[in-house]
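What follows is the residue order along each chain.
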Amino acid sequence: MAQFRLPDRRRVLVGALGGAVAWLATGCAAPAVDRLDSAAAPDEPDFAPPRDDALPRVALVLSGGAARGFAHLGVLQVLEHEGLRPDLVVGTSAGAIVGAMYASGMATAEIERATESLDWGVLFDFDPVRTVFNGLGLGLVPGARLESFLHRHLAAPIERFPIAFAAVATDMQTGDVVVLNRGDAARAVRASCGVPGLYAPLRIRGRLLGDGQVVSPLPVRTARRLGALRVLASDVVYPPYHTELSGPLSMVFQSMIVSGWRHVLNERALADVVILPGIRRSTEQLGLGSREWLTQAGEKAAQDRIAEIRAVFARPAAPAVEALQGAIRG
């Protein structure tokens, strides 16, 4: 696929707009309340509560983080090499893309090849004709090419994945966390990574769904609600201390990051082990030119914590499972 690159100034503006709008929603929304509905049309993604006899022993949680999500691939490479396989994968935004491919049965080498075709031509499908006749609507771009990319690589419904999977999205009208773990995988992931303002949100089961990073950038709590007894989390969320404060626009962007950072810290505290890839401060939030070293950063971070990771997978299930089930559902 031919590479399509935005001019530097345009790329910065798009990145600032997408990031600012997403974090603005984080700061302004009411506190999120998990809405775990079970009734839905059979062809739509939906939350399916865990069965008492099928609680996942180990969950892998993958955060949002735009292009920084390539670091998740390095973490997965280490797990694959070690023969460590989670029972559940939960992802937000970029983490939902990588996590869904992994949970669907793709090897890390296949995921790497698939994501090589993710460029601005796929991510930024701006249609001037559509804009002239229909206006911008609720997003600068419809996200049709991204959804088409996801359908090519995620053809099976979520419930047929060999590893249980859930994507986390945001109800843009209520601020609720929405868990998508049934039905059309590509559509669920597209909802999870739909940066507000940049991508048009998807309407699923009457709800307008956008980027899960707005309300749950590191969805450890969702993994626990789905029954996980142990949680390994990979966190590549853009931190406040990585922002270069150089003008008014950067201060707007920084305020959005700071307002959402509490979600990250709160969810980290619920994990057994958190992998923090050493991502350089200069990395662009939406840049696509650093895939290789980002993957290497994830791999190194996982290798540095390999003893703790092995312990998470080796640890027997907690004896008080009934008490845990009550806590999850309460």
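Residues numbered from 1 in each chain as written. Predicted model: local features only at pLDDT ≥ 70, side-chain atom pairs only at ≥ 80, totals over all residues. Heavy atoms only, no water.

Colleague: Please clarify how the pattern of salt bridges should be interpreted in this entry.
Modeller: Opposite charge on two side chains lets them pair, provided their charged atoms get close. With the rule as written, the count across this model stands at seven salt bridges. Here Arg-310 ties to Glu-82 by a salt bridge, and the two come within 3.0 Å at their closest N and O atoms. Pair noted here: Arg-310 is in helix α12 (residues 306-314) and Glu-82 is in helix α2 (residues 70-82), with a separation of 228 residues, a long-range link. With a relative accessible area of 41%, Arg-310 lands in the partly exposed category. Between Asp-235 and Arg-268 there is a salt bridge, and its shortest N-O distance comes to 2.7 Å. One end of the pair, Asp-235, is in the loop between β9 (230-234) and α10 (248-268); the other, Arg-268, is in helix α10, with 33 residues separating them in the sequence. With a relative accessible area of 22%, Arg-268 lands in the partly exposed category. Salt bridges sharing common partners tie together Arg-224, Arg-230 and Asp-272. (Salt bridge = Lys/Arg side-chain N within 4 Å of Asp/Glu carboxyl O. Helix = DSSP H or I, 4+ residues; strand = E, 2+ residues; numbered from the N terminus. Buried < 20%, exposed > 50% of the residue type's maximum accessible area, 1.4 Å probe, protein only.)

Colleague: Sorry if this is basic, but what is going on with α10 here?
Modeller: Because the α-helix completes a turn every 3.6 residues, residues three or four places apart line up on one side. Taking 1.5 Å of rise per residue, the 21 residues of α10 would be expected to cover 30 Å, and the 30 Å separating its terminal C-alpha atoms lies within 8% of that figure. In α10, a bend of some 30° at Gly-260 exceeds every other bend along the element. Turning to α10, its buried residues number three or more, namely Ser-250, Phe-253, Gln-254, Met-256, Ile-257, Ser-259, Gly-260, Trp-261, His-263, Val-264 and Glu-267. (Expected span 1.5 Å × (residues − 1). Bend = angle between axes of the 7 residues up to and from the residue.)

Colleague: Would you mind showing me how to read the nonpolar core here?
Modeller: Considering soluble globular proteins, one finds that nonpolar side chains tend to be buried as a cluster. In terms of nonpolar packing, the biggest core is built from 58 residues, with Phe-165 and Ile-309 touching the most fellow members. Take this core: its biggest share by element is seven residues, from helix α3 (residues 94-103). In contact with Ile-309, other than residues within four places in its own chain, are Leu-79, Leu-84, Leu-232, Ile-275 and Ala-302. Counting residues in each nonpolar core, the second largest holds 19 residues, with Val-61, Val-168, Ala-223 and Ala-228 among its members. (Core = buried A, V, L, I, M, F, W, Y, C linked by side-chain atoms within 4.5 Å. Contact = heavy atoms within 4.5 Å.)

Colleague: Looking at this structure, how should I read the packing of aromatic side chains?
Modeller: Scanning the entire structure with this criterion turns up two aromatic pairs. Measuring from ring centre to ring centre gives 6.4 Å for Tyr-241 and Trp-261, while their planes differ by 85°; the resulting arrangement is edge-to-face. Taken as a pair, Tyr-241 in the loop between β9 and α10 and Trp-261 in helix α10 lie far apart in primary sequence, 20 residues in all. A relative accessible area of 13% places Trp-261 in the buried class. (Phe/Tyr/Trp six-rings, centres within 6.5 Å; stacked < 30°, edge-to-face > 60°.)

Colleague: Hey, could you run me through helix α11 (residues 291-304) in this one?
Modeller: Here α11 contains 14 residues, and its C-alpha end-to-end distance of 20 Å stays within 8% of the 20 Å for a straight helix at 1.5 Å per residue. Against α2, α4 (108-115), β10 (273-275) and α12 lie the buried residues of α11.

Colleague: Is there a simple way to think about the side chain of Ser-216 in this case?
Modeller: Mapping Ser-216 onto the fold places it in the loop between β8 (207-211) and α9 (220-225). Note on Ser-216: relative accessible area 3%, which makes it buried. At 2.8 Å, the side chain of Ser-216 and the side chain of Glu-267 are in polar contact. The contacts of Ser-216, once residues within four sequence positions are left out, are Thr-92, Val-168, Val-177 and Glu-267. (Polar contact = N/O pair within 3.5 Å; in protein donor to acceptor, adjacent residues only side chain to side chain.)

Colleague: Explain the pairing of strand β5 (residues 177-180) here, please?
Modeller: In summary, the side chains of a regular strand alternate between the two faces of the sheet. The alternating pattern of β5 places Val-177 and Val-179 and Val-178 and Leu-180 on opposite faces, both of which are buried. Of the pairings in the sheet, the one linking strand β4 (residues 164-171) to β5 comprises four bridges and is antiparallel in character. Within β5, the residue paired with Val-168 across the bridge is Val-179. Counted between consecutive antiparallel strands, the loop separating β4 from β5 contains five residues, among which Gly-175 sits at a positive phi close to 85°. (Pairing = 2+ DSSP bridges.)

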